Amino acid sequence: MPKRKLWEKKKVRQTEEEQLYPEERPILSGQTTVQSWEMPRGETCLLSEGKRQGLVLYSLDPSLESLPVSGDYFLVGKKQDAVDGFIDHPGVSRIHARIEKREQSYYVTDLNSTNGTYLNRKLLGVNETVLLHVGDVLRFADVEYTVGTAMGTV
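Residues numbered from 1 in each chain as written. Predicted model: local features only at pLDDT ≥ 70, side-chain atom pairs only at ≥ 80, totals over all residues. Heavy atoms only, no water.

Colleague: How should I be thinking about the overall build of the protein in this particular structure?
Modeller: A tally of regular secondary structure across the protein gives zero helices and eleven strands. Ordered by position from the N terminus, the helices and strands of the protein form the series β-β-β-β-β-β-β-β-β-β-β. Within the protein, the fraction of its 154 residues that count as buried is 27%. Across the protein, every contact between residues at least 6 apart in sequence was considered, and the portion connecting residues at least 24 apart equals 39%. (Helix = DSSP H or I, 4+ residues; strand = E, 2+ residues; numbered from the N terminus. Buried < 20%, exposed > 50% of the residue type's maximum accessible area, 1.4 Å probe, protein only. Contact = heavy atoms within 4.5 Å.)

Put into structure tokens, the structure is as follows:
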């Protein structure tokens, strides 16, 4: 019999039954089991269904797309691989502004943009954060958006 090296672990063989998850193991006669809940295997189970309201920045320039805001933090700018809301316009900074969701409200913050962020024609200060309302006009440099909502499914 060949000698085993000290650093080699002894291989432990598992029986076919030990390789199964507890709920997949066969029930022996006389054995009882309690299933807390059953879910079909291989399928996604929908836990809740409903509508949620989301923020959308509707572009006033027909050549630019509207920006549906998603997540708790949403960066806006022209550096496509670094932002969530891409605006292809030379006056927009690479990372221009941030839209943040706090509880059920949305806020916009200018991130030291070169050409400014405006809310209803008022220039925001660097790192100034203001509350957004439906119908507000939000401007990044020369690009204007109307703040609105859209209904989506959860």
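Colleague: Mind showing me how you'd approach the side chain of Ser93 here?
Modeller: Locating Ser93 in the fold gives a position in the loop between β4 (85-86) and β5 (97-102). Not counting the four nearest positions on each side in its chain, Ser93 is found in contact with Gly77, Lys78, Ser113 and Thr114.

Colleague: Can you help me understand the environment of Leu57 in this one?
Modeller: Looking at the element boundaries, Leu57 is found in strand β1 (residues 51-59). Of the residues examined, Leu57 reaches a relative accessible area of 0% and is grouped as buried. The spacing of Leu57 and Val134 is 77 residues in sequence and 9.7 Å in space, taken between C-alpha atoms. When residues no more than four places from it in sequence are discounted, the contact partners of Leu57 are Ser66, Leu67, Val69, Ile99, Leu138, Phe140, Tyr145, Thr146 and Val147.

Colleague: Honestly, the pairing of strand β6 (residues 105-110) in this entry has me stumped. Any pointers?
Modeller: A regular strand places its side chains on the two faces of the sheet in alternate fashion. Where β5 meets β6, six bridges bridge the pair, whose relative direction is antiparallel. Counterpart to Arg98 in the pairing with β6 is Thr109. Here β5 hands over to β6 after two residues, with Glu103 in that stretch at a positive phi of 55 degrees. (Pairing = 2+ DSSP bridges.)

Colleague: How should the packing of aromatic side chains be read in this particular structure?
Modeller: Working definition: an aromatic ring pair is given by the centre-to-centre distance plus the angle between the planes. Taken as a whole and judged by the stated rule, the model has one aromatic pair. Geometry around Tyr107 places Arg102 over its ring, the cationic atom sitting 4.4 Å from the centre. In this structure, Arg139 packs its charged tip against the face of Tyr118, placed 3.8 Å from the ring centre. (Phe/Tyr/Trp six-rings, centres within 6.5 Å; stacked < 30°, edge-to-face > 60°. Lys NZ or Arg CZ within 6 Å of the ring centre and 35° of its normal.)

Colleague: Can you help me understand the pairing of strand β3 (residues 73-77) in this one?
Modeller: Pairing of β3 with β5, which is carried by four bridges, proceeds in the antiparallel orientation. Bridge pairing in β5 links Phe74 to Ile99.

Colleague: Mind showing me how you'd approach the sheet that holds β4 here?
Modeller: Backbone-to-backbone hydrogen bonds join strands into a sheet, with any given pair of strands oriented parallel or antiparallel. Strand order across the open sheet formed by five strands is β4-β3-β5-β6-β9, with mixed pairing between neighbours. Each edge of the open sheet is held by one strand with a lone partner, namely β4 and β9 (129-131).

Colleague: Sorry if this is basic, but what is going on with the nonpolar core here?
Modeller: The nonpolar side chains of soluble globular proteins are, as a tendency, buried together. If you look at the biggest cluster of nonpolar residues, it comprises 23 residues, and the most contacted ones within it are Leu57, Ile87, Ile99, Leu132, Leu138 and Phe140. A total of three residues in this core trace back to one element, the largest contributor, which is strand β11 (residues 143-153). (Core = buried A, V, L, I, M, F, W, Y, C linked by side-chain atoms within 4.5 Å.)

Colleague: So what exactly am I meant to see when it comes to the environment of Asp72 here?
Modeller: Position of Asp72 among the secondary structure elements: in the loop between β2 (67-68) and β3. Classification of Asp72 as partly exposed rests on a relative accessible area of 46%. Along the sequence, Asp72 and Tyr106 sit 34 residues apart, while their C-alpha atoms lie 8.9 Å from each other. Contacts of Asp72, omitting those with residues within four sequence positions, involve Ile99, Glu100 and Lys101.

Colleague: Just to check I follow, could you spell out unusual backbone geometry for this structure?
Modeller: Across the chain, the bulk of peptide bonds are trans and the bulk of non-glycine residues have phi less than zero. Even without being glycine, Glu103 reaches a positive phi, approximately 55 degrees. Relative to the helices and strands, Glu103 is located in the loop between β5 and β6. You can call Glu103 exposed: its relative accessible area is 73%. In the Ramachandran plot, Asn112 falls in the positive-phi region, its phi being about 60 degrees despite a non-glycine side chain.

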